[in-house]
Amino acid sequence: MARQANNTLFLEEWLRSNSGSNSPSISITTSHSSSSSARAIIQAWSELRDSLQHQSFLPNHLQALKILLQSQTSLHVADPQAKLLLSILSSKNLFLPVEAYPLLLRLLYIWVRKSFRPASVLVNLAVEVLTKVLDSNFDATKSPELFAEGVLLLGAFAFVPSAPESSKTVCLELLCRLLDKEYMLISSVHELIPDVLAGIGYALCSSINAYYIRIFDALLGIWGKEDGPQAGALRALNRSISGGRDLQILSRLRSSAESRIESVAQDLITRTGSFSNIGNDCKTSLLLQCISLALARCGAVSSRAPLLISLASALLMEIFPLQHLYTRILELRQGSSSKMNLGEVKEHLNSVPFKEAGAISGVFCNQYVSIDEENRAIVENMIWRFCQDLYLGHRRVALLIGGKEDELLRDIEKIAESAFLMVVVFALTVTKQKINPNFSIEAQIETSVSILVSFSCVEYFRRMRLPEYIETIRCVVVSVQENETACKSFVESMPSYADLTNFQEFLKKVEYKWFDDEVQTARILFYLRVIPTCIERLPGPVFSRVVAPTMFLYMGHPIGKVARASHSIFVAFVSSGKDSNGNERALLKEQLSFYYMQRSLEGYPGITAFDGMASGVAALVRNLPAGSPATFYCIHNLVEKVNILCSDVSTQDADTWKDPLGDSEPCKKIMELLLRLIFLVDIQVLPNLMKLSAQLIIQLPKDGQNVVLNDLYNQVAESDDVTRKPTLVSWLQSLSYLCSQATSRSTSFEGNKSEEISALPLPNPSKWDRIKACL
């Protein structure tokens, strides 16, 4: 009696599961509930036979129908049992309650879907009985479930291969009449829609093609009528047609369906003021989701402005409802009467619209490509504004609930990460359309800057390497770096120093530390990485006013890559060419170099990234004018730092110089940097550097001297600088001799040792030959 059935036998169940709804259309459609026992099923059929025999339908008989339908998945209805059901339906002496009709029709539906080859005679009888049940005297408003079950069963009969064409024709004719007459019932009960659409789906697959167009006309008519459902027929029009007249008709129907969706979208735009006054309008929210899902699943759709704007609004408000979530969280944390179910975010992550975000974004971009410039500008501004709102909203929420409600924050960030992908795909589409010679330079610059600023706002959510992201960045950066106005506009969009260090809105609620603000840090890191690419075109005053304060601030950031990016900006600026007013830029470089050394060394070791500082110092000595005071200041500060660092460790312990990771490592690194500068500084600064370096080296313990001298030997030997090499050779000879003579003396970093150095005897000429041979 019971055999396992494939769920695909029931089209309405497939539609229901794929639409994200698990609720059945009527109370008896409980295919996922526990199955009744075989004994209960046998007893139920027995009670139905008794009902027919005694011509009396009692409450226990209604319960018998429900018991049978509790096992819909495994229940098999044979031909004799189908005859019993038809006899009950057609009996003139049985008074059936309205509730019994949908149950009886559903059992017949199970019979016809699970039978391998239902008898033609029985099918004809079933169609005749069903026609009488659903005749003109039937009041469908009293039982919307019966209407839905009737459409479903009529479609299923029309789909049976073995059914006579006459019976199929009767079923299709009656189905079309029901759709025309009772269309309002479809939207009166949301759960009915899968059953009605399943019945239509069966009917469209019938071998009788004469009703195909009429069914579609009826369906599209339903979607356009007042109080009828408003999305969903277009996807079925993708059905393959060989050609000829059918193809022309299908094309006309598809155009009609697109126009209908456009009409719905335009009505929404007009009614809501371009979606600026939605508020908590659930109907508008639902329609936006329906429009976006319909367009995402129905193949290519011609570009229409209302569809583009509706898709943009659906993405920004329904698919990625981040502003709504941020507002709810902030209101709840501020003691508002507003309540937020924390499971709301997880529910959205599992919703069908969110899972279709990629497909909807694709349709949105395709619509954008073929639309006019006016509407392109509208949606561009919507997306760029969304990015800025996303940055501000997520920054607030992260500061408030970070470390307290991390699970909620992670779930919100999953939505934001998906929004980031949408923004990147859209930005690439805009780039391909507008960054080309067909548009004015001004338009290209405006678009490029907007994209860069938007990317900075969503940079925090970039958790993977995207080719589309890299391609977009490369394209717009080229456009920006070639124009001074564009460079200036982009740089001036960066948050000010005051904004970075003070978040007044939250000072009373949380202790704000700029270096702990991860959302802000990600945005600034984006600027720190992009600004060097356009530094040549950036005016010096703008760099001084906007970039320098942030650059010096983030040199002290605890995250290494952020600090190094700040040093890279200094390197780029010091290495850059001249302004139209060359003296002004040169003066600014010197001024910034003084503070750069102060800022870098005060944070070393501990905060300042040594490799970042080393690159900055190297750039400074290479690019400042010969004999620059800033270069002398740089050297003296490095020497002073070595003295301080080496006095903090046991420099007389030989093991500290043998262990490269010992306590003296910071001291060694600065010393190594000083020695590298010997080959970089200009000739005017070199004597001072050699003198100070010699004083440091002589005061080192023997192991330290050996390490430094060996390093110097190698560097001088490999040098091809014919200008300074003779001087360095002579200096190194003297330094080597002085170190050998000072071994027995007490060495410390206290006091000035210049008098002791000058009092030492001249070097032994016999040792000069050894040094020269090494060099």
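Quick caveat, the model's predicted, so the values are computed rather than measured.

Considerations on the overall build of the protein
From N to C terminus, the protein includes 37 helices and zero strands. The 775 residues of the protein split such that 53% are buried. Of the accessible surface of the protein, which amounts to about 34,900 Å², a share of 51% is contributed by carbon and sulfur atoms.

A look at helix α35 (residues 725–741)
Side chains of residues three or four places apart in an α-helix project in the same direction, reflecting 3.6 residues per turn. For α35, which comprises 17 residues, the first-to-last C-alpha distance of 24 Å matches the rise-based estimate of 24 Å (1.5 Å per residue) to within 8%. Every buried residue of α35 is accounted for by L728, V729, W731, L732, Q733, L735, S736, Y737, L738 and C739.

Remarks on the confidence of the model for the protein
Scored by pLDDT, the protein has a mean of 82; 80% of the residues are at 70 or more. Below pLDDT 50 for its whole length, residues 1–6 participates in 16 contacts with residues either more than four positions away or in separate chains. With pLDDT under 50 throughout, residues 27–34 is counted as low confidence; its partners more than four residues away or in other chains account for 16 contacts.

Some thoughts on the nonpolar core
Ranked by size, the top nonpolar core spans 172 residues in total, and within it F320, L322, F490, F543 and L638 carry the most contacts. Here this core takes 13 residues from helix α20 (residues 406–434), the largest share from any one element. Contacts of F320, omitting those with residues within four sequence positions, involve L315, F354, A357, F386, I415, S418, A419 and M422. A156, F157, L204 and Y211 belong to the second largest nonpolar core, which has 73 residues in total.

Observations regarding helix α7 (residues 144–159)
Helix length check: α7, at 16 residues, gives a terminal C-alpha distance of 23 Å against a target of 22 Å (1.5 Å per residue), a fit within 8%. In terms of residue burial, α7 counts as a mostly covered element, since 14 of its 16 residues are buried.

Let's talk about the packing of helix α2 (residues 38–54) against helix α4 (residues 79–90)
Helix-helix packing: each pair is described by the crossing angle between the helix axes and the interaxial distance. Contact geometry for α2 and α4: axes closest at 10 Å, N-to-C directions at 40°. It follows that α2 is oblique to α4 by the angle criterion. As α2 runs across α4, the sense of the crossing is left-handed. Here α2 contributes W45, L48, R49 and L52 to the contact with α4, which in turn contributes Q81, L84, L85, S87 and I88. Here the residues of the contact of α2 with α4 sort into six nonpolar, two polar and one charged.

Brief notes about the pattern of salt bridges
If you walk through the whole model with that rule in mind, you get 20 salt bridges. Here R328 ties to E344 by a salt bridge, and the two come within 3.4 Å at their closest N and O atoms. Of this pair, R328 sits in helix α15 (residues 322–333) while E344 sits in helix α16 (residues 343–349), and the two are 16 residues apart along the sequence. Owing to a relative accessible area of 16%, R328 belongs among the buried residues under this scheme. In this structure, E665 engages K669 in a salt bridge whose closest nitrogen and oxygen atoms are separated by 3.4 Å.

Here's the deal with the packing of aromatic side chains
Applying the stated rule across the entire model yields 20 aromatic pairs. For the pair F159 and Y202, a centre-to-centre distance of 5.8 Å together with 35° between the ring planes defines the contact as tilted. Remark: Y202 occurs in helix α10 (residues 193–204) and F159 occurs in helix α7; sequence separation between them is 43 residues. A relative accessible area of 32% means that F159 is categorised as partly exposed.

Side note on the environment of I401
Along the chain, the position of I401 falls in helix α19 (residues 373–401). Residues I401 and L330 lie 71 residues apart in sequence; the distance between their C-alpha atoms is 9.6 Å.

Concerning the environment of V133
Tracing the sequence through the fold places V133 in helix α6 (residues 120–133). We classify V133 as buried; its relative accessible area is 14%. Between the alpha carbons of V133 and S90 there is a distance of 8.3 Å; along the sequence they are 43 residues apart.

Considerations on unusual backbone geometry
In this chain, Y604 is followed by P605 through a cis amide linkage whose omega measures -10°. If you trace the backbone, P605 turns up in the loop between α28 (582–602) and α29 (610–623). For Q55, which is not glycine, the phi dihedral falls at a positive 50°. The topology assignment puts Q55 in the loop between α2 and α3 (59–69). The class of Q55 is partly exposed, set by a relative accessible area of 30%.

As for the state of the cysteines
On inspection of all chains with the given rule, the structure shows zero disulfides. The cysteine C387 is free of any disulfide, with C457 supplying the nearest cysteine sulfur at 6.5 Å. Residue classification places C387 among the buried residues on the basis of a relative accessible area of 0%.

Basis of the calculations
- Residues numbered from 1 in each chain as written.
- Predicted model: local features only at pLDDT ≥ 70, side-chain atom pairs only at ≥ 80, totals over all residues.
- Heavy atoms only, no water.
- Helix = DSSP H or I, 4+ residues; strand = E, 2+ residues; numbered from the N terminus.
- Buried < 20%, exposed > 50% of the residue type's maximum accessible area, 1.4 Å probe, protein only.
- Areas by Shrake-Rupley, 256 points an atom, 1.4 Å probe, with all protein chains shown as cover.
- Expected span 1.5 Å × (residues − 1).
- pLDDT = per-residue confidence, 0-100.
- Contact = heavy atoms within 4.5 Å.
- Core = buried A, V, L, I, M, F, W, Y, C linked by side-chain atoms within 4.5 Å.
- Axes fitted to C-alpha atoms, helices over the stretch in contact; angles between N-to-C directions.
- Parallel < 35°, antiparallel > 145°, perpendicular 65-115°, else oblique.
- Left-handed = near helix turned anticlockwise from the far one by under 90°.
- Nonpolar A, V, L, I, M, F, W, Y, C, P; charged D, E, K, R; others polar.
- Salt bridge = Lys/Arg side-chain N within 4 Å of Asp/Glu carboxyl O.
- Phe/Tyr/Trp six-rings, centres within 6.5 Å; stacked < 30°, edge-to-face > 60°.
- Disulfide = S-S within 2.5 Å.

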